[in-house]
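Descriptive analysis of the structure
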Amino acid sequence: MASAKRKCMVFALLLVVVFLVVPPVSAKEDVGYTIRPSTSDDPVTTLRLSDTISQGETNRHQFYVGSGVAYLEVYLDWGSASDSLTLTIYAPSGSKTGTFRDNADGEVDGKIHIDIDPDSGYISQGTWTFDVYGERVSSERSYTLNLYPH
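These notes cover the structure that comes with them. (Residues numbered from 1 in each chain as written. Predicted model: local features only at pLDDT ≥ 70, side-chain atom pairs only at ≥ 80, totals over all residues. Heavy atoms only, no water.)

Take the overall build of the chain next. In terms of regular secondary structure, the chain is built from 1 helix and 9 strands. Written out in order from the N terminus, the α and β elements of the chain read α-β-β-β-β-β-β-β-β-β. Once local pairs closer than 6 in sequence are excluded, the contacts in the chain between residues at least 24 apart make up 82%. Split by element, the accessible area of the chain, about 8500 Å² in all, is 55% carbon and sulfur. (Helix = DSSP H or I, 4+ residues; strand = E, 2+ residues; numbered from the N terminus. Contact = heavy atoms within 4.5 Å. Areas by Shrake-Rupley, 256 points an atom, 1.4 Å probe, with all protein chains shown as cover.)

Turning next to the pattern of salt bridges. Counting across every chain of the model gives 3 salt bridges. For Arg 141, the salt bridge is made with Asp 83, and the minimal N-O distance between the two is 2.9 Å. Residue Arg 141 is found in strand E9 (residues 141-149), and its partner Asp 83 is found in the loop between strand E4 (72-77) and strand E5 (84-90); the two are separated by 58 residues along the sequence. With relative accessibility at 3%, the residue Asp 83 sits in the buried group. (Salt bridge = Lys/Arg side-chain N within 4 Å of Asp/Glu carboxyl O. Buried < 20%, exposed > 50% of the residue type's maximum accessible area, 1.4 Å probe, protein only.)

Take the sheet that holds strand E7 (residues 111-118) next. The strand order across the open sheet built from 5 strands is E1-E7-E4-E9-E2, with neighbouring strands paired in antiparallel fashion. Each edge of the sheet is formed by a strand with only one pairing partner; in this case those strands are strand E1 (33-37) and strand E2 (47-53). Taking the axes of each pair of neighbouring strands and ignoring which way they run, one obtains an average angle of 20° across the sheet. For E4 and E7, the ladder comprises 6 bridges, and the chain directions are antiparallel. In the sheet register, Val 74 faces E7, and the bridge partner there is Ile 114. (Pairing = 2+ DSSP bridges. Axes fitted to C-alpha atoms, helices over the stretch in contact; angles between N-to-C directions.)

Now for the nonpolar core. With 26 residues, the main nonpolar core has Val 74, Leu 76, Ile 89, Trp 128 and Phe 130 as its most contacted residues. Elements with a minimum of two residues in this core: E2, strand E3 (58-65), E4, E5, E7, strand E8 (126-136) and E9. With sequence-adjacent residues up to four places away left out, Val 74 is seen in contact with Leu 87, Ile 89, Ile 112, His 113, Ile 114, Ile 116, Phe 130, Leu 145, Asn 146 and Leu 147. (Core = buried A, V, L, I, M, F, W, Y, C linked by side-chain atoms within 4.5 Å.)

Our focus in this paragraph is the sheet that holds E3. The strand order across the open sheet formed by 4 strands is E3-E8-E5-E6, and the pairing between neighbours is antiparallel. At either end of the open sheet lies a strand with only one pairing partner, and these are E3 and strand E6 (96-100). Within this sheet the neighbouring strands show an average axis-to-axis angle of 15°, counted without direction.

Moving on: the side chain of Asn 59. Locating Asn 59 in the fold gives a position in strand E3. Polar contacts involving the side chain of Asn 59 include one to the main-chain carbonyl oxygen of Thr 52, which spans 2.8 Å. Setting aside chain neighbours within four positions, we find Asn 59 in contact with Asp 51, Thr 52, Ile 53, Phe 130, Asp 131, Val 132 and Tyr 143. (Polar contact = N/O pair within 3.5 Å; in protein donor to acceptor, adjacent residues only side chain to side chain.)

Moving on, we come to the environment of Thr 97. Residue position: Thr 97 is located in strand E6. Once the C-alpha coordinates of Thr 97 and Ile 35 are considered, the two residues, 62 residues apart in sequence, prove to be 8.5 Å apart.

Quick look at the side chain of Thr 144 now. Mapped onto the elements, Thr 144 comes out in strand E9. Under the relative-accessibility criterion, Thr 144 is labelled buried at 16%.

Pasting the structure below:
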């Protein structure tokens, strides 16, 4: 009887490990996009949200992008270079476009400001997923996430 209980505990432990290791969406890299620091000085916000995050927490945000979008400008601002957030972006196909940190735009300033350019044609139409992760957060941190379809 003790052997069966032990097997159940080992199975439960393995199940927990699998849930922690396997990502909720496909982690294959999407090679159909080029990511570059944004050079836009005066974008027009069309999708904007504000939220808070704590150490080790992941907030998932999804935005629908329509047809005919030449490129996406993404701007995550938490305003403190002493805290570190990461931004992982998934295309509508579920493929991972990349994970970005504060220096993705060339500066360490509490912001990630990048453009997502399709290698050809237009940005994929559909629901894009943006995971904000509290990589190093001293206390609860407010942030804004803006998406500008161009």
